[in-house]
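Observations on the three-dimensional arrangement
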Amino acid sequence: MKNKFYTYIQNLQDQIVAGLEAVDGQAKFKEDLWNRPEGGGGRTRVIENGAVFEKGGVNISAVHGKLPDSMQQLFKVGEADFFACGLSLVLHPKNPMVPTVHANWRYFEMYDDNGNVIQQWFGGGQDLTPYYLFEEDAVHFHQTCKTACDKHNPEFYPKYKKQCDAYFWNAHRNEARGIGGLFFDYCKASETMSMEDWYNFVTEVGNSFLQAYVPIVERRKNLSYNQEQRTWQEIRRGRYVEFNLVHDKGTLFGLKTNGRIESILMSLPPHVQWVYDHHPVAGSEEEKLLTTLKQPKEWI
């Protein structure tokens, strides 16, 4: 399974990078291959200063070795070997009318002293963070997520949409990071779902990513904007940074497993502002976004 999924994310990285380069029309992704001293490595691909994407990355990694102490405590196990691989992407567009997007699909295994797999699971999801709210974009993104889920189980979309709303929540701000999407974790074999079934589901969601995001970018990338709207985008990006550094499990896992710092912090936007006690104008589009982020919404 680990070889099968790693091959899948290698191919998916190629597909997504090609699709995003076509949308940008100017910049190309730069590739950076790296090795982890404790075992494994990855292939980081970053785009910067494009016509559409100010900064973004589509990264894959496969790491293995001894499970660090912090992870042993998290999983409530003793010393063990592990393998983890995944694809993680974040895109920060230049135009504030185009939303930031994040996605991740991953697989994890843990072994006993004889090298037998004792735990294995999938996780992942995709979520959208707009700066200006276009409801048709939110509906499109969620409908694409639901369509992928419904092919496998009609209960998946409402369940994983709810988990996404709960996960991407900036508790210290009492607001959502964005308008959500899907979030699933610890997807293990059961009476109703084999690991092969989970593989088929996770890859279905991964394959839907470009369909979920690219039409939104195409609709919004040429809209005009002013400096005030750009400032608002940078203030909201600050909330994105706060979530990633305070709450995000993937970031924390990378930091605690001696992950590659450049790849981990690739998710951070290049231009951000923190304005003291900032409040948008009453009745403005900016306030409309904040109001929406105060409580999860059913988009479809």
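Residues numbered from 1 in each chain as written. Predicted model: local features only at pLDDT ≥ 70, side-chain atom pairs only at ≥ 80, totals over all residues. Heavy atoms only, no water.

So, helix α1 (residues 2-24)
- In a regular helix each residue adds 1.5 Å, so 23 residues correspond to 33 Å; α1 covers 33 Å between its end C-alpha atoms and thus fits that length.
- Along α1, the residues classified as buried are F5, Y8, I9, L12, Q13, I16, V17, G19, L20, E21, V23 and D24.
- Looking one or two residues beyond α1, the residue adopting positive phi is G25, at roughly 75°. (Helix = DSSP H or I, 4+ residues; strand = E, 2+ residues; numbered from the N terminus. Expected span 1.5 Å × (residues − 1). Buried < 20%, exposed > 50% of the residue type's maximum accessible area, 1.4 Å probe, protein only.)

A few points about the side chain of K161
- Residue position: K161 is located in helix α4 (residues 156-167).
- Note on K161: relative accessible area 2%, which makes it buried.
- When sequence neighbours within four positions are dropped, the list of residues in contact with K161 reads H142, F156, G181, L182, K297 and E298. (Contact = heavy atoms within 4.5 Å.)

Some thoughts on unusual backbone geometry
- At N174, a position not held by glycine, the phi torsion is positive, near 55°.
- With respect to the secondary-structure elements, N174 resides in the loop between β7 (169-170) and β8 (175-176).
- Assessed through its relative accessible area of 46%, N174 is described here as partly exposed.

Observations regarding the packing of helix α7 (residues 227-246) against helix α10 (residues 285-293)
- Orientation of α7 relative to α10, taken along the N-to-C sense of each, is 20°, at an axis distance of 12 Å. Looking at the two axes, α7 sits roughly parallel to α10. Between α7 and α10 lies a crossing whose hand is right-handed. Here Q229, W232 and R236 of α7 come into contact with α10, specifically with E286, L289, L290 and L293.
- Grouping the amino acids of the contact of α7 with α10 by side-chain chemistry returns 4 nonpolar, 1 polar and 2 charged. (Axes fitted to C-alpha atoms, helices over the stretch in contact; angles between N-to-C directions. Parallel < 35°, antiparallel > 145°, perpendicular 65-115°, else oblique. Left-handed = near helix turned anticlockwise from the far one by under 90°. Nonpolar A, V, L, I, M, F, W, Y, C, P; charged D, E, K, R; others polar.)

Description of the pattern of salt bridges
- Throughout the structure, instances matching the rule amount to 29 salt bridges.
- Between D185 and R106 there is a salt bridge, with the nearest N and O atoms lying 3.5 Å from each other. One end of the pair, D185, is in strand β9 (residues 180-187); the other, R106, is in strand β5 (residues 100-111), with 79 residues separating them in the sequence.
- Note that E175 is salt-bridged to R236, the shortest N-O span being 3.0 Å. On the criterion of sequence distance, the pair formed by E175 in strand β8 and R236 in helix α7 is long-range, its members being 61 residues apart. Here E175 matches R236 in class, with each residue buried.
- Through salt bridges with shared partners, a single network forms among D14, E31, R43 and R45. (Salt bridge = Lys/Arg side-chain N within 4 Å of Asp/Glu carboxyl O.)

Side note on the nonpolar core
- Core analysis: the largest hydrophobic core is formed by 64 residues, its most contacted members being F5, L89, W105 and Y213.
- No other element matches the 8 residues that α1 contributes to this core.
- When neighbours within four sequence positions are excluded, L89 is seen to be in contact with I16, G57, V58, V101, H102, A103, W105 and F209.
- Among the nonpolar cores identified, the runner-up in size contains 11 residues, and V63, F75, M110 and W121 belong to it. (Core = buried A, V, L, I, M, F, W, Y, C linked by side-chain atoms within 4.5 Å.)

A closer look at the environment of G42
- Inspection of the secondary structure assignment puts G42 in strand β2 (residues 40-48).
- A relative accessible area of 9% places G42 in the buried class.
- Put simply, G42 and F29 are 13 residues apart on the chain and 15 Å apart in space, counted from C-alpha to C-alpha.
- If sequence neighbours within four positions are ignored, G42 has contacts with D32, L33, W34, I60 and S61.

Section: the sheet that holds strand β6 (residues 117-129)
- Across the sheet, which stays open at both edges, the 7 strands sit in the order β1-β2-β3-β4-β5-β6-β9 with antiparallel pairing between neighbours. Edge positions in the sheet fall to β1 (30-35) and β9, since each of these pairs with one other strand and no more. Across the sheet, the mean angle from the axis of one strand to that of its neighbour is 5°, orientation sign disregarded.
- The pairing of β5 with β6 spans 12 bridges and is antiparallel. Along β6, the bridge assignment pairs M110 with Q119.
- Packed onto the sheet, helix α3 (residues 135-150) meets β5, β6 and β9 and runs at close to 30° relative to β9.
- Sheet strands in contact with helix α5 (residues 195-207) are β5, β6 and β9, and its direction is about 20° off that of β6. (Pairing = 2+ DSSP bridges.)

Looking at the pairing of strand β4 (residues 81-93)
- When you tally the buried positions in β4, you get 11 out of 13 residues, the bulk of the element.
- By the bridge criterion, 13 bridges tie strand β3 (residues 53-66) to β4 in an arrangement that is antiparallel. Bridging across to β4, V58 finds its partner in L89.
- As paired elements, β4 and β5 share 11 bridges and run antiparallel to each other. Its bridge partner being in β5, V90 is matched across the sheet by H102.
- The hairpin turn running from β4 into β5, its antiparallel successor, is 6 residues long.

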